[in-house]
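Listed below, chain by chain, are the residues.
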Amino acid sequence: MSAETLLFLLLPVAAASGWVLARRQDSDSNETSHLPPDYFRGLSYLLDDQHDKAIDIFIRMLEEDSETVELHLAVGNLFRNRGEVDRAIRIHQNLVNRTTLSDEQRIQARFELGEDYMRAGLLDGAENLFRELVEKGEYLPESLRHLIDIYQQEKDWQKAIDAGFKLEQSGVTDVRPMIAQHYCELTEEALKRGDLKQAQQMLKHARATWPQCVRASLIEGEMAMETERYEDARLAFQRIEQQDADYLPEVIPMLQECYRKTGTQQQMLDYLQTMVERHGSLGIMLALAEMICEQQGGQQAAAALLDYLEKHPSLRGLDQFVGLVSRCGDTPDQRVLAGVGSIINRLVEDDPDYLCRNCGFQGKVLHWQCPSCKSWGTVKPLHGIQRKQKRDRVLSLVVS
Ligand SMILES: [Zn+2]
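Residues numbered from 1 in each chain as written. Predicted model: local features only at pLDDT ≥ 70, side-chain atom pairs only at ≥ 80, totals over all residues. Heavy atoms only, no water.

**Q** I'd like a description of the pattern of salt bridges, backed by residues and values.
**A** Oppositely charged side chains can pair when the atoms bearing their charge come close. Tallied over the entire structure, the rule returns 22 salt bridges. Here Asp156 ties to Lys159 by a salt bridge, and the two come within 3.8 Å at their closest N and O atoms. Under the relative-accessibility criterion, Lys159 is labelled partly exposed at 36%. We note a salt bridge from Lys311 to Asp307, for which the minimum N-O separation is 3.5 Å. Taken as a pair, Lys311 and Asp307 lie in helix α17 (residues 298-311) at a separation of four residues, close to a single helical turn. A relative accessible area of 60% means that Lys311 is categorised as exposed. Among the residues examined, Asp307 registers a relative accessible area of 38% and is labelled partly exposed. Via salt bridges that share partners, Asp52, Arg82, Glu84 and Arg87 belong to a single interconnected network. (Salt bridge = Lys/Arg side-chain N within 4 Å of Asp/Glu carboxyl O. Buried < 20%, exposed > 50% of the residue type's maximum accessible area, 1.4 Å probe, protein only. Helix = DSSP H or I, 4+ residues; strand = E, 2+ residues; numbered from the N terminus.)

Structure representation (structure tokens):
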């Protein structure tokens, strides 16, 4: 008998013991004699992996004796946890249809059936059950979370927002960052349709719901750039520093564009310098080094970057240093440098560019909703370096 089978056997027994104890008061004799023979036949079918036969027996037991409800709930949940969702649905569905259940049992059975439907991807069925539970004020946070999950999958952002606010009302904190993301989704949908007015409205909601929303600032800046309001765009992008400075490297190229358009590149240089001092981000330092390289030459840029690397040593930074020096600096031996560069590049090649701070998911693109743990705004840029640029540069370095 495998450990899993044993567990499967023991858990229903444990669940049924409540039922056994309840019966014990009727008589002082050995309590196992109160377990109906069908119960053991059901268990032996479970042991033989004849799960459907076991279910038939359990369902018949329920018809004859409604006190086995707890056992049914336990067996149904076990099937679901084992991934046998169809069987879990059969059991829970049967429970829901019983007329002899107490209100509390019926509600629990409905909730469990909703969980089965979620697991099976039967979103419509799950939505109906959870909406009903929410209307009754039962299983509130759990049902609302499932509804939000469903609406997110269906990209029904407005319904997700409504459920989000209900979740907050039910006493759950920290849902606002998620709601703001939903408003950002609506904003981007409106932008795709070309409905600028709606986009602005939704963006306003995002900001009002959660003023720290980085994505809202990013979209606001991009929208301002679209209509050549570069000063507004700059202010929106710069707001990200206060919201979550980890995202700053993501907007540096657009900020540079804004400064270029408004003709104040010295300000951009000062700004980047301040950001490096405050946050010590390699991504920002690299942007600064590029600007110094353009304006003052390679040696100045290399000196600034080397100075930074002495304070914040990193393989990635060294890799970038080699690239920078080779491109615009005075170096004694290009070939040595190329060799060093390619070795370092090999070492950093497999590094992800983005990392979920919640679950550790790693990726190459920025996901606002983590594909792995579904958290919003937890995937953050690690370095702010475009991999392709880096690879191309190292290649050209090695070739030349
Ligand atoms: Zn994650």
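**Q** Tell me what's going on with the sheet that holds strand β1 (residues 354-356), and back it up with residues and numbers.
**A** On the basis of which strands lie adjacent, the open sheet formed by three strands has the order β2-β1-β3 and antiparallel pairing. Bordering the open sheet on either side are β2 (362-363) and β3 (379-381), each of which pairs with just one other strand. (Pairing = 2+ DSSP bridges.)

**Q** Run through the nonpolar core, naming residues and quoting values.
**A** Judged by nonpolar contacts, the single largest core of 48 residues is most densely connected at Leu95, Phe130, Leu147, Ile150 and Tyr183. A per-element tally of this core places helix α10 (residues 176-193) first, with seven residues. Core analysis: the next-biggest nonpolar cluster, separate from the first, contains 47 residues, Met225, Leu286, Cys356 and Cys370 among them. (Core = buried A, V, L, I, M, F, W, Y, C linked by side-chain atoms within 4.5 Å.)

**Q** Report on helix α9 (residues 157-169), specifying residues and quantitative values.
**A** Taking 1.5 Å of rise per residue, 13 residues should cover 18 Å, and α9 covers 18 Å from first to last C-alpha, within 8% of that figure. Those residues of α9 lying buried are Trp157, Ala160, Ile161, Ala163, Gly164 and Leu167. Buried residues along α9 sit in contact with α8 (140-153) and α10. Of the residues flanking the end of α9, it is Gly171, one or two places downstream, whose phi is positive at about 105°. (Expected span 1.5 Å × (residues − 1). Contact = heavy atoms within 4.5 Å.)

**Q** Tell me about the environment of Asp116, and name the residues and values.
**A** Structurally, Asp116 can be placed in helix α6 (residues 103-120). For Asp116 and Phe79, which are 37 residues apart along the polypeptide, the C-alpha to C-alpha distance reads 9.5 Å.

**Q** Lay out the coordination of the zinc ion with the relevant residues and their values.
**A** Distances from the zinc ion to its protein donors, Cys356 (SG), Cys359 (SG), Cys370 (SG) and Cys373 (SG), fall within 2.2 to 2.4 Å. Around the zinc ion sit four donor atoms; with metal-centred angles ranging over 106 to 112°, the donor geometry is tetrahedral. Mapping the donors of the zinc ion onto the primary sequence gives the spacing C-x2-C-x10-C-x2-C. According to the relative accessible area criterion, Cys356 is buried, its value standing at 2%. (Donors = N, O, S within 2.8 Å, 3.2 Å for Na, K, Ca; no water. Tetrahedral: all angles 85-135°; square planar, octahedral: opposite > 155°, others 65-115°.)

**Q** Pulling in residues and values, what's your account of the packing of aromatic side chains?
**A** Inspection of every chain in the model, using the stated rule, returns five aromatic pairs. When the ring of Trp157 is compared with that of Trp376, the centres are 6.0 Å apart and the planes differ by 75°; the resulting orientation is edge-to-face. Taken together, the residues span a long stretch of sequence, with Trp157 in helix α9 and Trp376 in the loop between β2 and β3 at a distance of 219 residues. On the numbers, 6.4 Å between centres and 40° between planes, the contact of Tyr259 with Tyr271 is tilted. In this pair, Tyr259 sits in helix α14 (residues 248-261) while Tyr271 sits in helix α15 (residues 265-279), placing the two residues twelve residues apart along the sequence. Assessed through its relative accessible area of 3%, Tyr259 is described here as buried. With a relative accessible area of 10%, Tyr271 lands in the buried category. Put simply, the rings of Phe111, Phe130 and Tyr139 pair up and form one aromatic cluster. (Phe/Tyr/Trp six-rings, centres within 6.5 Å; stacked < 30°, edge-to-face > 60°.)

**Q** How would you sum up unusual backbone geometry? Please name residues and give values.
**A** One non-glycine residue, Asp174, lies in positive phi territory at about 50°. Within the secondary structure layout, Asp174 lies in the loop between α9 and α10. With a relative accessible area of 66%, Asp174 lands in the exposed category. Phi is positive for Lys374, close to 65°, though the residue is something other than glycine.

**Q** An account of α6 is needed here, citing residue identities and associated values.
**A** Note on helix geometry: an α-helix contains 3.6 residues per turn, so any two residues three or four positions apart are oriented the same way. In this model α6 runs 26 Å from its N-terminal to its C-terminal C-alpha over 18 residues, within 8% of the 26 Å that 1.5 Å per residue would give. For α6, the complete set of buried residues consists of Gln105, Ile107, Ala109, Phe111, Glu112, Leu113, Gly114, Asp116, Tyr117 and Met118. Contacts made by the buried residues of α6 are with α4 (69-81), α5 (85-97), α7 (123-136) and α8. Of the residues trailing α6, Gly121 is marked for its positive phi of about 75°.

**Q** If you had to explain the packing of α14 against α15 to someone new, which residues and values would you point to?
**A** Across the interface, α14 lies against α15 with an axial gap of 9 Å and an inter-helix angle of 160°. By the angle between their axes, α14 is roughly antiparallel relative to α15. Helix-helix and strand crossings are classified by hand; for α14 and α15 the assignment is right-handed. Facing α14, whose interface residues are Leu248, Ile252, Leu255, Gln256, Tyr259 and Arg260, α15 presents Gln265, Gln267, Met268, Tyr271, Leu272, Met275 and His279. Residue composition of the contact of α14 with α15, grouped by class: eight nonpolar, four polar and one charged. (Axes fitted to C-alpha atoms, helices over the stretch in contact; angles between N-to-C directions. Parallel < 35°, antiparallel > 145°, perpendicular 65-115°, else oblique. Left-handed = near helix turned anticlockwise from the far one by under 90°. Nonpolar A, V, L, I, M, F, W, Y, C, P; charged D, E, K, R; others polar.)

**Q** Give a description of the confidence of the model for the protein that names residues and reports values.
**A** Averaged over all residues, the pLDDT of the protein equals 83, while 81% of them reach at least 70. A low-confidence stretch, residues 17-33 (pLDDT under 50), is modelled with 15 contacts involving residues beyond four sequence positions or located in other chains. (pLDDT = per-residue confidence, 0-100.)

**Q** Please set out the state of the cysteines residue by residue, giving values where relevant.
**A** Here a disulfide denotes one covalent bond, and it connects the sulfur atoms of two cysteines. Counted by the stated rule, this structure contains zero disulfides. In this model Cys213 remains outside any disulfide bridge; the closest cysteine sulfur is found in Cys184, 3.8 Å from its own. Residue classification places Cys213 among the buried residues on the basis of a relative accessible area of 1%. (Disulfide = S-S within 2.5 Å.)

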